[in-house]
Amino acid sequence: MRLLIVDDEENLLASLKRGLSAEGFAVDTASDGTTGLDMARHAPYDCIVLDIMLPGVNGFKFTQLLREERNWTPILMLTAKDGEYDEAEALDTGADDVLKKPFSFTVLVARIRALLRRNVESHPPILQAGDLTLDPASHRVTRGNVTIDLTTREFSFLELLLRNKGHVLRKQDIIAHVWDYDFEGDSNIVEVYIGYLRKKIDVPFGTKAITTIRGVGYRLEEDGGRSEAMASSASE
């Protein structure tokens, strides 16, 4: 999942980027409201973590403008003030949740994951393709009754594919969601991770869930990739 964090506290911004990246999120950051708003308007984020007191455009105006433009990306607003008025205004202008500083990183991650689960239609609690399932909340992947161990990055990659099953994802779209907006490494990293996933979710089960569309990108099959035995039976 791709996050945007907008906060003018540079140390906090850097710390959140490190921590959330370690949790498997692709994280972009902005230190002022004007830059953050421009990024939110032009990139497909799954959640925005937004401070209220920002140079340029403050958090209230930021949220109001996005909602007026019918951008419904979940927003978790941060406030350093005690008192109910900032919290009420944040929710009234369109924020989905409010968290007071200082906060527990564990609670922040839980709040973000709760926002991602809230829209059941676009973010179902458990993602499934055939007998391949992924539970974002418990960070668990199974194929049939077998639990599959994935690294944090592999899990994020598979989650993106499952959320877009049946659709072709271009390499640049995968990098933008699984890594981050400023990724400058070798784009062949996508092929490397496709290989890792196939060795874990396909090879041991005799299936082929991930299809390479040459010159375009990759697609996770809606049936999760039938086993060779099932495919042979269907053709008889």
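The structure under discussion appears in the preceding block.
Residues numbered from 1 in each chain as written. Predicted model: local features only at pLDDT ≥ 70, side-chain atom pairs only at ≥ 80, totals over all residues. Heavy atoms only, no water.

### Here we look at the sheet that holds strand S8 (residues 140-143)
Two orientations exist for strands paired in a sheet by backbone hydrogen bonds: parallel and antiparallel. Defined as follows: Strand pairing is assigned whenever DSSP identifies at least 2 bridges connecting the two strands. The numbering of helices and of strands both runs from the N terminus, where a helix is a DSSP run of H or I of at least 4 residues and a strand a run of E of at least 2. A fitted line through C-alpha atoms serves as each axis, taken over the contacting stretch for helices, and the angle formed by two N-to-C directions is quoted from 0 to 180°. Contacts were defined at the residue level, with two residues in contact if any of their heavy atoms lie within 4.5 Å.
In space, the 4 strands of this open sheet follow the order S6-S7-S8-S9, with antiparallel pairing throughout. Each edge of the sheet is formed by a strand with only one pairing partner; in this case those strands are strand S6 (127-129) and strand S9 (146-148). Strand after strand, the sheet turns through a mean of 20° between neighbouring axes, direction not considered. In the packing of helix H6 (residues 152-163) onto the sheet, contacts are made with S6, strand S7 (132-135) and S8, and the angle to S7 comes to roughly 115°.

### Topic: the nonpolar core
Which entries qualify depends on this criterion: Remark: nonpolar core denotes a set of buried residues (Ala, Val, Leu, Ile, Met, Phe, Trp, Tyr, Cys) joined through side-chain atoms within 4.5 Å. Working definition: with a 1.4 Å probe on protein chains only, accessible area under 20% of the residue-type maximum means buried, over 50% means exposed, and in between means partly exposed.
Ranked by size, the top nonpolar core spans 27 residues in total, and within it Val 141, Phe 157, Leu 158, Ile 174, Ile 210 and Leu 220 carry the most contacts. Only S6, S7, H6, helix H7 (171-178), helix H8 (189-201) and strand S12 (217-220) provide two or more residues apiece to this core. It is H6 that contributes the most residues to this core, 6 residues altogether. Once you skip the residues sitting within four places of it in the chain, Leu 158 turns out to touch Leu 132, Leu 134, Val 141, Leu 150, Leu 197, Ile 201 and Leu 220. Grouped together as the second largest cluster of nonpolar side chains are 22 residues, Leu 4, Ala 30, Leu 37 and Ile 75 included.

### With respect to the side chain of His 177
Rules: Contacts described as polar in this section are N or O atom pairs within 3.5 Å, which, within protein, must combine one atom able to donate a hydrogen with one able to accept it, while residues neighboring in sequence count only if both atoms come from side chains.
With respect to the helices and strands, the residue His 177 is situated in helix H7. The class of His 177 is buried, set by a relative accessible area of 15%. At 3.5 Å, the side chain of His 177 forms a polar contact with the backbone oxygen of Pro 44.

### Observations regarding the environment of Leu 91
Of note, Leu 91 is situated in helix H4 (residues 84-92). Counting along the chain gives 28 residues from Leu 91 to Thr 63, while the straight-line C-alpha distance between them is 9.5 Å. For Leu 91, the contacting residues outside a window of four places in its chain are Asp 96, Asp 97 and Val 98.

### Remarks on the pairing of S8
Judged from the 4 bridges that link them, S7 and S8 form a sheet pairing that is antiparallel. Residue pairing for S8: Asp 135 is matched across the bridge by Arg 140. Bridging between S8 and S9 involves 3 bridges; their strand directions are antiparallel. Within S9, the residue paired with Thr 142 across the bridge is Thr 147.

### As for the sheet that holds strand S3 (residues 47-51)
If you walk across this open sheet you meet the 5 strands as S2-S1-S3-S4-S5, and the pairing is parallel. Here the strands that pair on one side only, and so sit at the sheet edges, are strand S2 (26-30) and strand S5 (97-100). The sheet shows a mean angle of 20° between the axes of neighbouring strands, taken without regard to direction. As defined by bridge partners, S3 adjoins strand S4 (residues 75-79) across 4 bridges and the pair is classed as parallel. Across the sheet, Asp 51 pairs through a bridge with Leu 78, a residue of S4.

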